[in-house]
Amino acid sequence: MKKRSIVCIVNLILLLSLVACNNTPSNSNHDNSSDKKSETAELGSIKNPFKFNDPQVIIDSVRGDDGKKYEAEVSITVEDVVRGEKAYEILEEENSTNPTAEDGYEWALVKLKVGLDKIENEKYPITIAQAFSFDFVSKDGQIYNTDKPVIPNDLQGDIYVGTSKEGYIVQQVKQGDDFLIGYKSLYEPGEMYFKTK
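Residues numbered from 1 in each chain as written. Predicted model: local features only at pLDDT ≥ 70, side-chain atom pairs only at ≥ 80, totals over all residues. Heavy atoms only, no water.

### Focus: the overall build of the protein
Alright, step 1. When helices and strands are tallied, the protein shows three helices and 10 strands.
Alright, step 2. Along the protein, from the amino end to the carboxyl end, the secondary structure elements read α-β-β-α-β-β-α-β-β-β-β-β-β.
Alright, step 3. Within the span of the protein, comprising 197 residues, buried residues form 35% of the whole.
Alright, step 4. Taking as baseline every contact in the protein between residues at least 6 positions apart, the subset at least 24 positions apart corresponds to 68%.
Alright, step 5. Put simply, the protein shows about 12800 Å² of open surface, and 49% of that area lies on carbon and sulfur atoms. (Helix = DSSP H or I, 4+ residues; strand = E, 2+ residues; numbered from the N terminus. Buried < 20%, exposed > 50% of the residue type's maximum accessible area, 1.4 Å probe, protein only. Contact = heavy atoms within 4.5 Å. Areas by Shrake-Rupley, 256 points an atom, 1.4 Å probe, with all protein chains shown as cover.)

Here is the structure:
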């Protein structure tokens, strides 16, 4: 019996020493930074928006009256941004009943150029309007959404292949916010983002 107890104790000591050996930290020069995956944000994403005043071609689609979806290449350029008092002067000149911006906010008028470069079926246009095509997105990712005033040269309508439209979209934004313009498709998921300066 004593022999068995001694053998069990010896085995227990050996087992504990093996476990202890496996738990000792190593002194290898393991670089933790190599464990981190380098994330490169896709161009046009909210983390890597397209440059200001740099024409970009977006792959979009249009649904025809035949129910089919046709791929389209849409070119978009943020051409100009007017903010603050100057923007309000333009709005007031267009319609004297346009309201002033709320405290801590300012009006921003953004001039865009949108063209339809290519489409699978040239019979169909792409339709744009601020209400369903564009968002003003704050630096922290929130979508601005207030009533829109009457603006000059409102960007909206149908654009056929080989043509383009220029015009303004408008929104109240926080004073000094480096907001982005988000383009959203009616038939494709996600948004593409553009810098405004």
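### Points about the sheet that holds strand β6 (residues 143–144)
Sheet strands pair via backbone hydrogen bonds, and the direction of the pair is either parallel or antiparallel.
Alright, step 1. In spatial order, the strands read β6-β5-β9-β10; together these four strands make up an open sheet with antiparallel pairing. What marks the edges here is a single partner per strand, and that holds for β6 and β10 (191–195).
Alright, step 2. In the sheet, strand β9 (residues 180–184) pairs with β10 via five bridges, with the strands oriented antiparallel. Directly across from Ile-181, in β10, lies its bridge partner Phe-194. (Pairing = 2+ DSSP bridges.)

### Quick look at the nonpolar core
Across soluble globular proteins, nonpolar side chains show a tendency to be buried alongside one another.
Alright, step 1. Core analysis: the biggest nonpolar cluster contains 29 residues, and Val-110, Phe-136 and Phe-179 have the highest contact counts within it.
Alright, step 2. Only β1 (56–63), β2 (69–83), β3 (105–119), β4 (126–129), β5 (134–137), β8 (164–174) and β9 provide two or more residues apiece to this core. (Core = buried A, V, L, I, M, F, W, Y, C linked by side-chain atoms within 4.5 Å.)

### With respect to the sheet that holds β3
Alright, step 1. With antiparallel pairing, the four strands of this open sheet are ordered in space as β1-β2-β3-β8. Edge positions in the sheet fall to β1 and β8, since each has one partner strand and no second. On average, each strand axis in the sheet is inclined to that of its neighbour by 35 degrees, with strand direction left out of account.
Alright, step 2. As judged from the 11 bridges shared by β2 and β3, these two strands associate in the antiparallel manner. Across the sheet, residue Val-81 finds its bridge partner in β3, namely Val-110.
Alright, step 3. Against the sheet, helix α2 (residues 84–94) contacts β2, β3 and β8, and its axis sits at roughly 70 degrees relative to β3. (Axes fitted to C-alpha atoms, helices over the stretch in contact; angles between N-to-C directions.)

### Observations concerning α2
In an α-helix, one full turn covers 3.6 residues, which means residues spaced three or four apart are oriented alike.
Alright, step 1. The set of residues buried in α2 consists of Gly-84, Ala-87, Tyr-88 and Leu-91. An end-on view of α2 places all buried positions within 95 degrees of arc, on one side of the element. Among the exposed residues of α2, those oriented more than 90 degrees off its buried face are Glu-85, Lys-86 and Glu-93.
Alright, step 2. Tucked into the core, α2 has its buried residues touching β2, β3 and β8. (Arc of directions from axis to C-beta.)

### Describing the layout of surface pockets
Alright, step 1. The calculated volume of the largest pocket comes to roughly 160 Å³.
Alright, step 2. Lining the largest pocket are Ile-46, Pro-49, Ser-138, Lys-139, Gly-141, Asp-178, Phe-179, Leu-180, Lys-195, Thr-196 and Lys-197.
Alright, step 3. Residue composition of the lining of the largest pocket, grouped by class: four nonpolar, three polar and four charged. (1 Å grid on protein atoms, 1.4 Å probe; cavity = no way out; pocket = protein on both sides within 12 Å on 5 of 7 lines; lining within 4 Å. Points joined across faces, edges and corners; volume = space filled by probe spheres on them. Nonpolar A, V, L, I, M, F, W, Y, C, P; charged D, E, K, R; others polar.)

### Looking at the packing of aromatic side chains
Alright, step 1. In total, this model carries five aromatic pairs according to the counting rule given.
Alright, step 2. Measuring from ring centre to ring centre gives 5.5 Å for Tyr-70 and Tyr-124, while their planes differ by 20 degrees; the resulting arrangement is stacked. Here Tyr-70 is found in strand β2, whereas its partner Tyr-124 is found in the loop between β3 and β4, with 54 residues between them in sequence. Here Tyr-70 matches Tyr-124 in class, with each residue buried. (Phe/Tyr/Trp six-rings, centres within 6.5 Å; stacked < 30°, edge-to-face > 60°.)

### What to know about the pairing of β2
Alright, step 1. Sheet topology note: the β1/β2 ladder contains eight bridges and is antiparallel. Residue pairing for β2: Ser-61 is matched across the bridge by Glu-71.
Alright, step 2. Hairpin remark: β1 followed by β2, antiparallel, with five residues in the connecting loop; positive phi at Gly-67, about 85 degrees.

### Regarding the confidence of the model for the protein
Alright, step 1. Per-residue pLDDT for the protein averages 85, and the proportion of residues at 70 or more is 80%.
Alright, step 2. With pLDDT under 50 throughout, residues 4–38 is counted as low confidence; its partners more than four residues away or in other chains account for one contact. (pLDDT = per-residue confidence, 0-100.)

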